[in-house]
Amino acid sequence: MNNSSKKLGPKTVFTQCPDQKGYLNNWRRWQWEANSVNNQSKGSAKKSSQSNDQPYHFEFILMSYNILAQDLLEGHAQLYTEHDPRALPWNQRYGRLMAEINTIQPDILCVQELQQNHVDHFRKGLSYNYGMLYKKRTGGEKTDGCAVLYRQDLLDLITHHEVEYFQPNVNKLNRENVAIIAKFALKNNPLVKLVVSTTHLLYNPRRQDIRLAQIQVLLAELDRLAFCGTLPNGTPQYDPVILCGDFNLQPFTAPYELLTKGFLRYDRLASRTLHRADSNGHVEQTGKLFLPPALGITDNCQHDNLRVREGAQTSTFDMTRLYHSIHSATKSNRKDSESESCTAESSANYRRQFSSGSLGHRFAFESAYTHHMSEQNRRATTYQDDWITVDYLFYTPYRSVAECSRHLPNWNLDLLGTYMLPTVQMCGFEIESIPNMLYGSDHFSLAGRFVLSIPKN
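Residue numbering note: each chain is counted from 1, following its sequence as written. In keeping with the predicted nature of the model, local features appear solely for residues at pLDDT of at least 70, side-chain atom pairs appear and are counted solely at 80 or more, and the whole-chain, interface and lining totals rest on all residues. Hydrogens are left out, water is left out, and the side-chain values use all remaining heavy atoms of the structure.

(A) Structural detail: the packing of helix H4 (residues 208-226) against helix H5 (residues 254-261). To obtain each axis, a line is fitted to C-alpha atoms, and for helices this fit is confined to the stretch in contact; angles are then taken between N-to-C directions over 0 to 180 degrees. Each helix corresponds to a stretch of at least 4 residues labelled H or I by DSSP, and each strand to a stretch of at least 2 residues labelled E; elements are numbered beginning at the N terminus. Relative to each other, H4 and H5 sit at 25 degrees, their axes nearing to 9 Å. One way to sum up the angle between H4 and H5 is to call them roughly parallel. Across the interface between the two elements, Gln208, Leu212, Ile215 and Leu219 of H4 pack against Pro255, Leu258 and Leu259 of H5. Residues are sorted three ways: Asp, Glu, Lys and Arg are charged, Ala, Val, Leu, Ile, Met, Phe, Trp, Tyr, Cys and Pro are nonpolar, and all the rest, Gly among them, are polar. Residues belonging to the contact of H4 with H5 are distributed by class as follows: six nonpolar, one polar and no charged. For classification purposes, angles smaller than 35 degrees are called roughly parallel, those larger than 145 roughly antiparallel, those between 65 and 115 roughly perpendicular, and all remaining angles oblique. In what follows, residue pairs with any heavy atoms lying within 4.5 Å of each other are defined as contacts.

(B) Spotlight on the pattern of salt bridges. Salt bridge, as used here, is a side-chain nitrogen of Lys or Arg placed within 4 Å of a carboxyl oxygen of Asp or Glu. Taken as a whole, this structure holds 18 salt bridges when the rule is applied. For Arg207, the salt bridge is made with Asp209, and the minimal N-O distance between the two is 2.9 Å. Judged on exposure class, the residue Arg207 and its partner Asp209 are both buried. The salt bridge involving Lys288 is made with Asp267; its shortest N-O contact spans 3.4 Å. Here Lys288 is found in the loop between strand S13 (263-265) and helix H6 (348-354), whereas its partner Asp267 is found in the loop between S13 and H6, with 21 residues between them in sequence. With relative accessibility at 7%, the residue Asp267 sits in the buried group. Each residue is placed in one exposure class: buried if its accessible area under a 1.4 Å probe, protein chains only, is under 20% of its type's maximum, exposed if it is over 50%, and partly exposed if it falls in between.

(C) Examining the side chain of His57 more closely. Along the chain, His57 falls in strand S3 (residues 56-66). The definition of a polar contact used here is a pair of N or O atoms within 3.5 Å, where within protein one atom must be able to donate a hydrogen and the other to accept one, and adjacent residues in sequence count solely through side-chain atom pairs. Engagement of the side chain of His57 in a polar contact is seen with the side chain of Ser453, the distance being 2.9 Å.

(D) Structural context of the pairing of strand S6 (residues 144-151). With respect to burial, S6 is a largely interior element, eight of its eight residues being buried. Bridge count for strand S5 (residues 130-136) against S6 is seven bridges, and the pairing is antiparallel. Along S6, the bridge assignment pairs Leu133 with Val148. For two strands to count as paired, DSSP must find a minimum of two bridges between them.

(E) Fine view of helix H7 (residues 424-431). Those residues of H7 lying buried are Val424, Met426, Cys427 and Ile431. Looking down the long axis of H7, one finds its buried residues gathered within 165 degrees of arc, a one-sided arrangement. Of the residues flanking the end of H7, it is Glu432, one or two places downstream, whose phi is positive at about 75 degrees. Directions pointing from the helix axis toward each C-beta atom define the arc.

(F) Highlighting the sheet that holds strand S18 (residues 391-395). Read across the open sheet, the six strands follow the order S7-S8-S9-S12-S18-S15; overall the sheet is mixed. Two strands lie at the open edges of the sheet, namely strand S7 (155-164) and strand S15 (366-367), each paired on one side alone. Here strand S12 (residues 241-246) runs beside S18; their pairing, made up of five bridges, is antiparallel. Bridge pairing in S18 places Leu243 opposite Phe394. Where H4 meets the sheet, its contacts fall on S7, strand S8 (178-186), strand S9 (189-200) and S12, and the angle it forms with S7 comes to roughly 150 degrees.

(G) Structural context of the environment of Leu191. By the secondary structure assignment, Leu191 is in strand S9. Exposure remark for Leu191: the relative accessible area of 74% places this residue in the exposed category. Along the primary structure Leu191 and Ile454 are separated by 263 residues, whereas in three dimensions their C-alpha atoms are 9.6 Å apart.

(H) Spotlight on the environment of Cys404. Its location among the elements puts Cys404 in the loop between S18 and strand S19 (413-419). Classification of Cys404 by relative accessible area gives partly exposed; the value is 45%. Beyond its immediate sequence surroundings of up to four residues, Cys404 is in contact with Ala364 and Tyr398.

(I) Geometry of the packing of aromatic side chains. Paired rings are identified among Phe, Tyr and Trp, the last through its six-membered ring, by centres lying within 6.5 Å, and are further divided according to the angle between planes into stacked (under 30 degrees), edge-to-face (over 60) and tilted (the rest). Counted under the stated rule, the structure contains 24 aromatic pairs. Measuring from ring centre to ring centre gives 5.5 Å for Phe58 and Phe60, while their planes differ by 25 degrees; the resulting arrangement is stacked. What makes Phe60 buried here is its relative accessible area of 1%. Consider the rings of Phe247 and Tyr392, whose centres lie 5.7 Å apart with planes at 80 degrees: the pair is edge-to-face. In this pair, Phe247 is assigned in the loop between S12 and H5 and Tyr392 in strand S18, connecting sequence segments 145 residues apart. The residues Phe247 and Tyr392 share a single accessibility class, namely buried. Of the aromatic side chains, those joined through ring pairs into one cluster are Phe227, Tyr238, Phe247, Phe252, Tyr256, Phe363, Phe365, Tyr392 and Phe394. Definition used: whenever NZ (Lys) or CZ (Arg) falls within 6 Å of the ring centre and also within 35 degrees of the ring normal, the charge is taken to sit over that ring. Directly above the ring of Tyr419 sits Arg28, whose terminal nitrogen or CZ lies 3.9 Å from the centroid.

In short, geometric facts, not functional conclusions.
Here it is as structure tokens:
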């Protein structure tokens, strides 16, 4: 749900497109990567291939969509007073959502704001018989959550974890947002793994620090589930990862910098907004300590007791110090994490692990969509006082930050193309508002076509 309404002039009348091809128009169409090494295979229905002297290839489409929970729409009806009222009922939006999703025909579908009592109805309208994972937001009054749907004829689910960001007595982790992490194996090549995660982070524009803390927890859980070994120098390697969802933050902000660059110095940023603090010191800075050490998550976005690992076995949740409403009854009595003192372990190494003033991670994330600073080239995923991007599709082209070269044998995921987003200008002058009689949500969907290449050895 976006939390702002665009004030329009005369209401634009949107007509229902006569068929699903209406989605592939000037606003939304597939845009292919010119430099993709497998660009010649775009549009192919063939999902996998292998020859005697070539790596194994698996092509697939992943789609991510915040579909706008109907309870949230109706609970914030004032945000949609300028929209075409015909486009707002769930049955109307459901038809538009199904038409668009079934046009793209994703092999993996990640959904945010899927209402719990709509889960079965939503699943029945899809063109494939998907397997499904669902996690409702924590907190009794919440009615929506995240879902990962996958083609059972292509993928086997190895393991999954439902991430709960709420941690008792931790001020930066006191919201009910969630994530799902799923680890798959290819049906016709079980040695090939793929990790998919989707999340919906806090909306509050003034609390960037909470979103950064949620990302730190998610990265630690991804590190736990995607880890597949180490290089001789100790650098971790990971199975291919795709991370997507509604992050409720814009490009080039502090959390975006952490995800895309692998490093963020936070200690001198403003304590809540994470804006650059002014030189006069009028804004309270974040300081060296970000998350309490009692959580066991280091400034490298790893679980402390998993920093040294042997083999590629998936670590169990019991090996972490995180609270979970289902798995962690014994952890619910943890002491007040915010006030817990570090004096018992005040060594220099301890300070480096938990209060360095910076965050880092070892995933080689890239964004499937290019983000621009200039308004002329900027694209949008939703409207929040302005047309902006808050939804993302990140992937790891390489298994390790030490192997970022296509010439090395561990080259990983290649992006073939993306389902193009409309520009800010298109949104403002042509589309004008969403949901409408063409698009069923107040967010635009994201989709990428990928090829997973695994060397024969």
